[in-house]
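# Structural overview
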Amino acid sequence: MSFKLPATHKGRMPVCIWYKNNNIYFDLFLAIVGNDGLCCGTKAQCFKLENITSLREIGQLVINILEKFQRLGDLTLDELDKLKKDPIESKLFYEGTKRMDFLNVKENEDINLTHTHCSIHYSLDDLKYKFSLNWVKRCGNRYKFDGSSSLGKKQVFVFDTPLEFTEYPEPEELGKMVMEALERCRKMGDISSGNYRLPKTIELLNGSEITIEPPRDKHFSDCEDYGVGELHQAYLYFPKEGADSSAEFYLGIAAELDCNLSEDNIRNAWEKLHGKAEFFEVKQAEHGIWGLRAEMRNKSVHRISYLLQIDESELLDCTMELHKPNSRKKLDEKLTGLFEEFARRCKFKD
């Protein structure tokens, strides 16, 4: 570790984290020391995780990034030059249009408006890492950027516990902290913009309770249980007034699976409902309360379900169904990201 800037520089911001459509992008920021010994800027190396389903994977990548930050410290101009000439390290520097492409941002877009954003700060005084929150307050076509510590801001909302650590937590625990920081950013933006919608509490058949947050899109309609016995809650997506629904998010009981979570059983049950699958996958997941993720796609439907066995007779199902996905590719990408957020925010009440 080699922090070369003057002692008056008490802290660093080694990591910025950007989230959009279930993809997370990480910037490792390194302070650059000029020939006069003063800071002359920063340079960033970029990392990403796509279609995230594992908190452990998120946490391990953050640990790897922070370990690299501690190893490199502040860079002199010569050290930066050597790093950029290294055949492996050089591939992690994304600048200009390459960075826009890496972040999947169009040239005329502002990443602060398109992505949820938090950061991790490091204090040289107490050797502690602390998350900070960033959000956008929107009012019509106007917007204002704001930020705070991980505890929030009195004028908007205050959280109970800070997000900080000295020793690295276990990867899964650190992954939870990253996702919690991003959730707090989202909540601060929604509250300050007047768009926050209160969570709903659903009582399951075994008497336990689960809270869900409505999807963050004005095109969704709250249809409660939609008059279907196996459903606890349904949200239907209507692209415009008077149109048929294009998609549904719902929480319910997967009665068609008869509590059998084998891959063959899920596939057979879904193909009876939706026709032969062109793509089908079942895999373990660490996604909020959910432990199993199943996905199917054909010309009629794109379906993603998170499944959790509650007891011997109750299999909880959180599902997205998008109709005619081949003709709705942009909507498919958008709703998949929204659904991953919707599923991850499902929580059991204490």
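Reference entry: report on the structure contained in this document. (Residues numbered from 1 in each chain as written. Predicted model: local features only at pLDDT ≥ 70, side-chain atom pairs only at ≥ 80, totals over all residues. Heavy atoms only, no water.)

### Comments concerning the overall build of the protein
Looking only at helices and strands, the protein has seven helices and 20 strands in total. In terms of overall dimensions, the protein is globule-like: its C-alpha atoms have a radius of gyration of 22 Å, near the 20 Å expected for 350 residues. Principal-axis analysis of the C-alpha atoms gives the protein an extent of 70 × 45 × 45 Å. Looking at the 350 residues of the protein, the share that counts as buried comes to 48%. Counted over contacts in the protein with a minimum sequence separation of 6, partners at least 24 positions apart contribute 56%. Surface accessibility of the protein: about 17900 Å² in total, with carbon and sulfur atoms responsible for 48%. The centroid of the 50 positive side-chain charges in the protein is displaced by 7 Å from the centroid of its 58 negative side-chain charges. (Helix = DSSP H or I, 4+ residues; strand = E, 2+ residues; numbered from the N terminus. Rg over C-alpha atoms; globule rule 2.2 N^0.38 Å. Buried < 20%, exposed > 50% of the residue type's maximum accessible area, 1.4 Å probe, protein only. Contact = heavy atoms within 4.5 Å. Areas by Shrake-Rupley, 256 points an atom, 1.4 Å probe, with all protein chains shown as cover. Lys, Arg positive; Asp, Glu negative; His and termini not counted. Charge placed at Lys NZ, Arg CZ, Asp CG, Glu CD.)

### With respect to the sheet that holds strand S12 (residues 209–212)
Spatially, the three strands line up as an open sheet ordered S11-S12-S20, and their pairing is antiparallel. Looking along the sheet, the strands with just one partner apiece sit at the ends: strand S11 (200–203) and strand S20 (347–348). Sheet analysis places S12 next to S20, joined by two bridges and oriented antiparallel. Note on S20: the bridge partner recorded for Thr211 is Lys347. (Pairing = 2+ DSSP bridges.)

### Comments concerning the environment of Ile210
Relative to the helices and strands, Ile210 resides in strand S12. Exposure remark for Ile210: the relative accessible area of 0% places this residue in the buried category. Ile210 sits 138 residues away from Phe348 along the chain, and the two C-alpha atoms are 4.3 Å apart. The residues contacting Ile210, other than those within four sequence positions of it, are Lys200, Thr201, Ile202, Leu204, Leu251, Ile289, Leu316, Cys346, Lys347, Phe348 and Lys349.

### So, unusual backbone geometry
Even without glycine at this site, Asn21 takes up a positive phi of about 50°. Take Asn21: its relative accessible area is 22%, and that puts it in the partly exposed class. Although it is not a glycine, Asp258 sits at a positive phi angle of roughly 50°. With respect to the helices and strands, the residue Asp258 is situated in the loop between strand S15 (247–253) and helix H6 (263–274). The exposed category is assigned to Asp258, whose relative accessible area is 64%.

### With respect to the pairing of strand S19 (residues 314–323)
With nine of ten residues buried, S19 lies mostly within the body of the structure. Sheet topology note: the S15/S19 ladder contains seven bridges and is antiparallel. Looking across to S19, one finds that Leu251 is bridged to Cys318. Here strand S18 (residues 301–311) hands over to S19 after two residues, the two strands then running antiparallel side by side.

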